[in-house]
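Below, each chain spelled out in residue letters.
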Amino acid sequence: MQVFDALGRETSSFSVGDAIEHLLVDEAGHIWVGHFDENPVGIRRWSATGRLDWSSDGSRIPGLFDCYALNVSGTTAWACPYTDFPLVEIRPDRTDRPVRVWSNRVRGANAVAVHGERVTFYSGYGQERDRLAHGELTATSVEPTGVGLLTLPDGSAPRRRRVVSRGRRIYVQAEPFTAWGVFDLSV
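Residues numbered from 1 in each chain as written. Predicted model: local features only at pLDDT ≥ 70, side-chain atom pairs only at ≥ 80, totals over all residues. Heavy atoms only, no water.

What follows is about the overall build of the protein chain. Each helix and strand in the protein chain was counted, giving zero helices and 17 strands. With the principal axes as the frame, the protein chain shows a C-alpha extent of 45 × 40 × 30 Å. Residues counted as buried form 45% of the 187 residues belonging to the protein chain. Carbon and sulfur atoms provide 49% of the accessible area of the protein chain, an area that totals close to 9700 Å². Positive and negative side-chain charges in the protein chain, numbering 21 and 23 respectively, have mean positions lying 3 Å apart. (Helix = DSSP H or I, 4+ residues; strand = E, 2+ residues; numbered from the N terminus. Buried < 20%, exposed > 50% of the residue type's maximum accessible area, 1.4 Å probe, protein only. Areas by Shrake-Rupley, 256 points an atom, 1.4 Å probe, with all protein chains shown as cover. Lys, Arg positive; Asp, Glu negative; His and termini not counted. Charge placed at Lys NZ, Arg CZ, Asp CG, Glu CD.)

Here's what the structure looks like:
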């Protein structure tokens, strides 16, 4: 990992491990890393100088073997990890309860958007590759409220694409990877 300042000068470099599925920076400059199953460390947060300041080890996230979806908003991270696919809210600075977990029936999502008590998961397995699964947060679970399909402005499916989650938005860049589309949960 290399960190650069606004003028493009390297300010630090350090290793965050391998098998990186997601890498996002929060508003405070913390670097969030979600690993896939070749590196079972799960989810970690680093300082901009390379200090590991939070790890999912011991956090009691059920079935965390692969970070399928990671969203960073403000200084909060949201994740949807394989194998149980719970929705997980991570707030390391909240000392009384840094991790909250909601059970979830949506499987295989590669992105998650959160806005208040509403949540949307994007993607899935097989025929559900372009699925948008909407839900509401209750005290213990994500309750489904509807399902739709994500399409490009011309009505076609995205096919090969890159996906990034930030707060209430899911950004999708479809092949030929020249422009980003945005799904906004708040609209």
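Next comes the rest of the account.
A few words now on the environment of Ala19. You can see Ala19 is positioned in the loop between β2 (10-13) and β3 (20-25). Of the residues examined, Ala19 reaches a relative accessible area of 12% and is grouped as buried. Sequence separation of Ala19 and Thr49 is 30 residues, and the distance between their C-alpha atoms is 21 Å.

Moving on, we get to the nonpolar core. A general feature of soluble globular proteins is that nonpolar side chains tend to end up buried together. Formed by 16 residues in total, the largest nonpolar core has its most connected members in Trp78, Leu87, Val112, Val119, Phe121, Leu137 and Val142. Secondary-structure elements contributing two or more residues to this core are β7 (66-73), β8 (76-82), β11 (111-115), β12 (118-122) and β13 (131-137). Core analysis: the next-biggest nonpolar cluster, separate from the first, contains 14 residues, Trp54, Cys67, Val88 and Ile90 among them. (Core = buried A, V, L, I, M, F, W, Y, C linked by side-chain atoms within 4.5 Å.)

Once that is clear, we can look at a nonpolar patch on the surface. A cluster of nonpolar side chains, Phe65, Tyr82 and Tyr125, forms an exposed patch at the surface whose accessible area comes to about 310 Å². Looking at where Tyr82 falls in the secondary structure, it is placed in strand β8. (Patch = residues over 30% accessible without salt bridge, like charges linked within 9 Å, V, L, I, M, F, W, Y side chains within 5 Å. Salt bridge = Lys/Arg side-chain N within 4 Å of Asp/Glu carboxyl O.)

We now examine the sheet that holds strand β5 (residues 43-46). With antiparallel pairing, the four strands of this open sheet are ordered in space as β3-β4-β5-β6. In this open sheet, the two strands that pair with only one neighbour each are β3 and β6 (52-55). Between one strand axis and the next, the sheet turns by 20 degrees as a mean value, whatever way the strands run. Sheet topology note: the strand β4 (residues 31-35)/β5 ladder contains four bridges and is antiparallel. Opposite Val33, over in β5, you have Arg44 as the bridge partner. (Pairing = 2+ DSSP bridges. Axes fitted to C-alpha atoms, helices over the stretch in contact; angles between N-to-C directions.)

Moving on: the side chain of Ser47. With respect to the secondary-structure elements, Ser47 resides in the loop between β5 and β6. Polar contacts involving the side chain of Ser47 include one to the side chain of Thr49, which spans 3.0 Å. The contacts of Ser47, once residues within four sequence positions are left out, are Phe14, His30, Ile31 and Asp53. (Polar contact = N/O pair within 3.5 Å; in protein donor to acceptor, adjacent residues only side chain to side chain. Contact = heavy atoms within 4.5 Å.)

This part is about the side chain of Asn104. Of note, Asn104 is situated in the loop between β10 (99-102) and β11. A polar contact of 3.1 Å, which involves the side chain of Asn104, links it to the backbone nitrogen of Val106. Not counting chain neighbours up to four residues away, the residues in contact with Asn104 comprise Cys80, Asp84, Phe85, Pro86, Leu87, Phe121 and Val142.

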